[in-house]
Amino acid sequence: MTSRRTAGGVALGLGASLAVAAVAIGTFAWATPRAEAPVGFRAYLETTEAPLSIAVTPPELATAGPITATSALAGFLKGLAGIPNRAIAASVAAEADALGGSESVQILRSMSASVNDDGTTGSLFSVRLVSDTGLQKAAEMSSSGLAFWYSPPVTELPADVTPGSTWSGSGSVNGIADYESVGRIETSGTPDCIVAATTMQLIIEGSDPIVYDVRTTWCKGQGSTTSTDVTSGRVVSVVPAPGPQDLPDAQPAATSAYPDPLALPFLSPSVLLPAQVIGDMLVTVNSATEDIVAVPLTASPSEDAAAGDEPATTLPIGWMQHPGGAVLGVVGDGQALFVTTTERSVISFDRAGGLRWSAGTPDVSAGAPVVAGDVVVMATLDGSVIAFDRATGERMWTRTMSDAVVSDPVVAGGYVIIADIAGRVTAFDTDGETAWRAEVGPVTRPISSLPDGSVLVGDDAGSVHRLAVDGALLWSGNLAGSVEGPARVTGGVIVLPTTSGLQGLALDTGVDRWIEEAWAGAQAWSHSSGVAVTQGDKIAQVSSDGLVSSQTSLVEPDGEPVTEVQVVGFSGQASLLTSRGALLPWPGIE
Amino acid sequence: MSGPRSWTVTHYVTGLATNVVIDPIRNGTLRLSGHSPVVAGVAVFVGIVYAALLAAIAAARPLRAASDFVADTSRGGVSVIPSFLVPMLLFLLGLSFALVLAGSQRSHPILRGTMLVAVMAIVGSIVMVVPSRETAGTIWWLSVSCLAAAALYCVVMWWGRTPASLDFLLLFVLLEATIAAAYRSTVVGQASSDLRFDIVTTALLLTYLTLLASPLAFSGGLSAVGVGVATLAWSGDFLRRRGGVAAVTVLAAVIAVWQAWLTWGNVRQGLSAEPDAWLRGMAGALLVASVGWAAWMWCAGRRRVETDGDREDDAVDIVGEAGRFGLPIGYGLQSAVLVSAILGMVSVGLAVLAPDVSTEAIGSVIEALSTMTAATAVRCAVVAGLLAAAVVLARRQRWTLAAVAAVDAVVIGSLVLMSGDGWLSSWAWTPEQFGDLGVVLAGLLAIRAIARRTWNRDVAGLVLVVLLMSALMRQAAILEVPIGLLLSASATALLIFGLAWGFVTGGSSVHEDSAHAHRDRRLLLFLGQSLYGIALVAWAVIGKEVDALATLSEVTALAVLTVGTSLILVTVYQQLSPGVGGASGRMPSATLDERSPDLH
């Protein structure tokens, strides 16, 4: 009886606990956000399964749950400068709110290549709204600087896309003109595709109406595949091409840098992901929208016709790609770009934004990959080291570190150097063979390759170690704080950003030379004239004896103080790229 | 002295496994008998969850590869974690908090009040920090109501007499409902934003939650060192009793050569680089070792036990006795950190609940607790507490425990004195220096025995054990390597092993009633603490939260440096003083545990 009672009690306790746990787990599972499947006309939008293309609908927006127009545009708004762009953003936000606001509107951002009948090309950037009433174009901007925004947005696809469906609409354009549009859905000769034929009249007071006849083919899961725009007799084909865009051949810039500040529309470059120069394209990551954005450096700055107190000049966008997820690291080899994302992918783009290859990885990357010889090597958080063929993306080899890796790999002395959080530093050659190993304290801070092929490793214990090309320990030293960023070398002194200040260490011995405590958290940059450091709106040149000059109060083109800036070099000289998307000439701080 | 008993490798392996692994688990593992059946059922459930978490940690890599990830890019960088991790952690927090709350219901008022405040602060933070209470609506109020009901229940039951099982099940339901509803509120609220509040909130809380697990990490570090000590000391004693003098001598000679080589390298480097500093460090180590020896002899020397010569168990017993101090010392040394963490969460909750109320005072207190002065004061208090414990234990004739407490006080006290910028700091020792001293000691023992022509198996075995302890001093975290290879997580291997070992061997004391708490309550408290620690480590390992892992690993390393060093010293002292000390399996009395916050 007693044993039965005991067993019954145990069973009761176990059962009750399991029951409560099951209910709790079920509640958590119910509460966890899930992606919604596309419905109706949404099926004709791009999905995550569609190949990446220049005209990319951010996959997560196409299939994710509703988002507010204002919050989704928050990043969009961040990078904007100038009246037209702000007006566009405000207009789009207002229209999205009018459509239903926070619970029912999605934003689609896309870029297309336009090819005129005379062979000239351009790019078109569109902002569309997806709601239960269909797909509507809210705004579009061309690479030539022309921009239109519609109130209410122009319907491109109605909710019901059955062939024969029709719709009409009217409204204002840019607040200064009117439009009237009609459309219908037609069958396409291609299975799973439809054609949306729209005619829009642009009515400007005192002028004849401009008629746009647009036929757009939409295919399930791919978005708009072609669009032909016959405008007053000129035929313009808009092609969301998956391949390389027809950009002019690269031309070297006649001068090193633009002498005046330039604004890069739609851009808020991430300082954490340094800009890369690929051919004649300055490629950066738009931190607000996680797009890869390329700006042709050879393009002439265009005058912003609507400038008032806005920037006088802008640089157009060459191309924009959305690799999916958030960008974790980006590196270029001068001809191609390699990007790692939170989607556990490595993706390579060419100079024109065309997709070269993409590959999956078992875990997310620790940061940026590195290029070494013919391979691109990345380390993942779980400690895997994976090498891909630079040209094809074929996985060449995989190695495993002893623990997680959170520091970017570096290339030094011809080897790929990786440090894990257990403090094991390993050098791999391009064939994946281990060249040498060393042990230091736990490493979660950036490691640096020095010009002579040696490696500088700062561990979490506050020590810094310089390892020779063969892995031998050259010297160890103590830091005032922890390593904050990559080190640079000037005049035999290592310039090392730390949490306690900018520290100068003798390259040969590691002995402390100087420390600039006011520059804690700064970033150091190598450029054609030496080493510079940036911190907020401050920039200074650094010599072997410390700071030699400083300039404070870097300002954006609109007069606002700079919050973050990075040094970018092209055509042999340096410029400054701000986090608000302005390209500033190098200040006189030699 | 009897002659060597015959032995084989099998004898050694089975004896080692039995004494170092099986017996500690058998003696220390949780038993269902003696507890109410329902609580026993709860213990089975928690055991299953614990085992599942260990499996998840071991399988972190394939688990991540098979999971969907969610990313948060709102804080400048990018946080990427498996999508199941946030709900998993929240569920485990609810379960562990229900266990500790129910377990502390009849405990000492200070413990009870502290647990109540801490749990309410943490869960309250989860409830309060939602993106939009207006959007969440009824669900959020449900969350608040459940939390209020849980708090009210705990307060009302302060004077009540409900069974532990009922307390746990009710609190489990209420807390899980609170957290699940808060999570749902967060999900609903963040749907209209591109921020992942669930990730952001959890990351914010994790900063504090990790600190609350630091005493467990400390205890885990000691446990891990203890296994190493028990293994080597038992092995040495085994050979000492059963090996032939020639075999033991050869083995001791091999290890002596190895250790002497290392010592010679240290001496050469020390004298060439900074001879003054090195000499002072060696002097500091010698001083600490000498004072520790004096303390050992004073305490343990007062109890002379006539042993049957079977010393193999004494080494393991010493480890078991020393391990009882792990958690109390951990709580003591981390007390300022724990208070800061709780105040931090209270501050977060206040900032959301009553934004007009100034949290400046709380911030000032937290800042004060973060200073070196506060840390030194805490450590001095711990040293004083250990000395007081040694005196009290000595009066109660618990000589071995008193000796362990005294040596712990000496080691930790020496670190306190030698830290900072004072002149004593130049006398700061390192474990390597203790290892060097051990080699010298072994050499002196050998020379004396040879000179007196008293070299025999016993002396050879003693020299062997001293050399093994010297080697262990240099690499106290000896288990880090094999465990790290197994888990592909060498940076946290010791932490994970220590926590798991503490769970499977630390449950012996919860099977008895104490003056304040029934055994059922003590069992629930033990389960709650253990689950909390492993849940956080699972989160950190699977989510690659290196900062959290680094924080806990640092605490584990601190344990290795302090009480780990002390344990190795005590083991050497015990070897040097035959017939002195030796717990011989005697269990500590319940009265000792009253002073231990963990009742364990």
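Here the structure is shown first, and the text comes after it.
Keep in mind the model is a prediction, meaning the values are calculated, not measured.

Visitor: What's the story with the overall build of chain B in this structure? I'm lost.
Guide: What chain B contains, in helices and strands, is 25 helices and two strands. Restricting the contact set of chain B to residue pairs at least 6 apart, pairs at least 24 apart contribute 83%. As displayed, chain B has an accessible area near 23,100 Å², and 66% of this comes from carbon and sulfur atoms.

Visitor: Any chance you could explain the packing of helix 20 (residues 457-474) of chain B against helix 24 (residues 546-576) of chain B here in plain terms?
Guide: The packing of two helices is summarised by the inter-axis angle and the distance between the axes. All names here are of chain B. In contact at an axis separation of 10 Å, helix 20 and helix 24 are set at 175 degrees when each is read in the N-to-C sense. The orientation of helix 20 relative to helix 24 falls into the category roughly antiparallel. Only T565, I568, L569, T571, V572, Q575 and L576 of helix 24 make contact with helix 20, whose side of the interface consists of L462, V465, V466, M469, L472 and M473. For the contact of helix 20 with helix 24, the per-class residue count stands at ten nonpolar, three polar and no charged.

Visitor: What is the right way to look at the packing of helix 2 (residues 37-58) of chain B against helix 4 (residues 85-103) of chain B in this model?
Guide: All names here are of chain B. At a minimum axis separation of 12 Å, helix 2 and helix 4 run at an interaxial angle of 145 degrees. Pair helix 2 / helix 4 crosses with left-handed handedness. Packed against helix 2, whose contacting residues are V42, F45, V46, V49 and L53, the element helix 4 presents M88, L92, L95 and L99 at the interface. When grouped by side-chain class, the residues that make up the contact of helix 2 with helix 4 number nine nonpolar, no polar and no charged.

Visitor: Looking at this model, I keep getting lost on the packing of aromatic side chains. Mind explaining?
Guide: What describes a pair of aromatic rings is the distance from one ring centre to the other and the angle between the planes of the rings. Tallied over the full model, the rule gives 17 aromatic pairs over all chains. On the numbers, 5.9 Å between centres and 40 degrees between planes, the contact of A:F338 with A:W357 is tilted. You can see A:F338 sitting in strand 19 (residues 336-341) and its partner A:W357 sitting in strand 21 (residues 355-360), a full 19 residues away along the chain. This pair shows no difference in class: A:F338 is buried, exactly as A:W357 is. Each ring, one from A:W397 and one from A:F428, has its centre 5.9 Å from the other, and the planes form 35 degrees; the classification is tilted. With A:W397 in strand 25 (residues 395-400) and A:F428 in strand 28 (residues 424-428), this pair connects stretches of sequence that are 31 residues apart. Every member of this aromatic cluster is reached through a ring pair, and the members are B:F45, B:F91, B:F168 and B:F172. The ring of A:W519 is capped by A:K538, whose NZ or CZ atom sits 4.6 Å from the centre of that ring.

Visitor: Looking at this structure, I do not really get the side chain of A:D382. What am I missing?
Guide: Within the element layout of this structure, A:D382 appears in the loop between strand 23 (375-379) and strand 24 (384-389). At 2.3 Å, the side chain of A:D382 forms a polar contact with the side chain of A:T380. A distance of 3.1 Å separates polar atoms of two side chains, one belonging to A:D382 and the other to A:S384. Among residues more than four places away in sequence, those in contact with A:D382 are A:D363, A:D403, A:A404, B:R61 and B:K544.

Visitor: So what exactly am I meant to see when it comes to helix 23 (residues 519-542) of chain B here?
Guide: Given 3.6 residues to a turn, an α-helix orients residues that are three or four positions apart in the same direction. All names here are of chain B. For helix 23, with 24 residues, the first-to-last C-alpha span of 34 Å sits near the 34 Å given by 1.5 Å per residue. In terms of burial, helix 23 is a largely internal element, 23 of the 24 residues being buried. Where helix 23 ends, the next residue or the one after it, K544, has phi of about 55 degrees, a positive value.

Visitor: Would you explain the pattern of salt bridges in this entry?
Guide: It is possible for side chains of opposite charge to pair when their charged atoms get near one another. Under the defined criterion, the tally for this structure stands at 15 salt bridges over all chains. Residue A:R351 is joined to A:D280 by a salt bridge in which the shortest nitrogen-to-oxygen separation is 2.7 Å. Within this pair, whereas A:R351 is found in the loop between strand 20 (345-350) and strand 21, its partner A:D280 is found in the loop between strand 12 (276-278) and strand 13 (281-286), the two being separated by 71 residues in sequence. For the pair formed by A:R351 and A:D280, the shared burial category is buried. In this structure, the salt-bridge partner of A:D382 is B:R61, at a minimum N-O distance of 3.5 Å. One end of the pair, A:D382, is in the loop between strand 23 and strand 24; the other, B:R61, is in helix 3 (residues 60-66), on a second chain.

Visitor: For this particular structure, what's the right way to read unusual backbone geometry?
Guide: Note on backbone geometry: most residues besides glycine have negative phi, and most peptide bonds are trans. Note that the residue after A:S151, namely A:P152, is joined by a cis bond; omega there is -5 degrees. One non-glycine residue with positive phi stands out, namely B:Q397, at about 65 degrees. By secondary structure assignment, the location of B:Q397 is in the loop between helix 17 (372-395) and helix 18 (399-418). A positive phi angle is found at B:R453, which is not glycine, with a value near 60 degrees.

Visitor: Which parts of the structure should I look at to understand the sheet that holds strand 36 (residues 501-506) of chain A?
Guide: In sheet architecture, strand pairing relies on hydrogen bonds along the backbone and comes in two forms, parallel and antiparallel. All names here are of chain A. Taken in spatial order, the four strands of this open sheet run 34-35-36-37, and their pairing is antiparallel. Both edges of this open sheet fall to strand 34 (488-490) and strand 37 (512-516), since each of them pairs with a single strand only. With direction set aside, neighbouring strand axes in the sheet form an average angle of 25 degrees. Bridging between strand 34 and strand 35 (residues 493-498) involves three bridges; their strand directions are antiparallel.

Visitor: Would you mind showing me how to read the sheet that holds strand 22 (residues 370-372) of chain A here?
Guide: Residue and element names in this part refer to chain A. With respect to topology, four strands assemble into an open sheet ordered 22-23-24-25, the strand pairing being antiparallel. On the outer flanks of this sheet lie strand 22 and strand 25, each paired with one strand and no other. Sheet twist, expressed as the mean angle between neighbouring strand axes with direction ignored, is 25 degrees. Two elements, strand 22 and strand 23, share three bridges in a ladder whose sense is antiparallel. Each bridged residue has a counterpart across the sheet, and for V370 the counterpart in strand 23 is V377.

Visitor: Teacher, can you tell me more about the environment of A:V339 here?
Guide: All names here are of chain A. Among the secondary structure elements, V339 is positioned in strand 19. Through-space distance from the C-alpha of V339 to that of V20 is 45 Å; in sequence the pair is 319 residues apart. Contacts of V339, omitting those with residues within four sequence positions, involve I292, P323, V327, G329, V330, S345, V346, I347 and F349.

Visitor: How should the state of the cysteines be read in this particular structure?
Guide: By definition, a disulfide links the sulfur atoms of two cysteine residues through a covalent bond. Scanning the model with the defined rule gives one disulfide over all chains in all. The disulfide partner of A:C193 is A:C219, and the S-S distance across this bridge is 1.9 Å. Handedness here is read from the sign of the S-S torsion; for A:C193 and A:C219, about 105 degrees, the answer is right-handed. Pair noted here: A:C193 is in strand 7 (residues 193-203) and A:C219 is in strand 8 (residues 210-219), with a separation of 26 residues, a long-range link. Exposure class is identical for A:C193 and A:C219. Each is buried. Among the cysteines around B:C146, which has no disulfide bond, B:C154 carries the closest sulfur, lying 13 Å off. Judged by its relative accessible area of 10%, B:C146 is buried.

About the cut-offs
- Residues numbered from 1 in each chain as written.
- Chains lettered and ligands numbered in written order.
- Predicted model: local features only at pLDDT ≥ 70, side-chain atom pairs only at ≥ 80, totals over all residues.
- Heavy atoms only, no water.
- Helix = DSSP H or I, 4+ residues; strand = E, 2+ residues; numbered from the N terminus.
- Contact = heavy atoms within 4.5 Å.
- Areas by Shrake-Rupley, 256 points an atom, 1.4 Å probe, with all protein chains shown as cover.
- Axes fitted to C-alpha atoms, helices over the stretch in contact; angles between N-to-C directions.
- Parallel < 35°, antiparallel > 145°, perpendicular 65-115°, else oblique.
- Nonpolar A, V, L, I, M, F, W, Y, C, P; charged D, E, K, R; others polar.
- Left-handed = near helix turned anticlockwise from the far one by under 90°.
- Phe/Tyr/Trp six-rings, centres within 6.5 Å; stacked < 30°, edge-to-face > 60°.
- Buried < 20%, exposed > 50% of the residue type's maximum accessible area, 1.4 Å probe, protein only.
- Lys NZ or Arg CZ within 6 Å of the ring centre and 35° of its normal.
- Polar contact = N/O pair within 3.5 Å; in protein donor to acceptor, adjacent residues only side chain to side chain.
- Expected span 1.5 Å × (residues − 1).
- Salt bridge = Lys/Arg side-chain N within 4 Å of Asp/Glu carboxyl O.
- Pairing = 2+ DSSP bridges.
- Disulfide = S-S within 2.5 Å.

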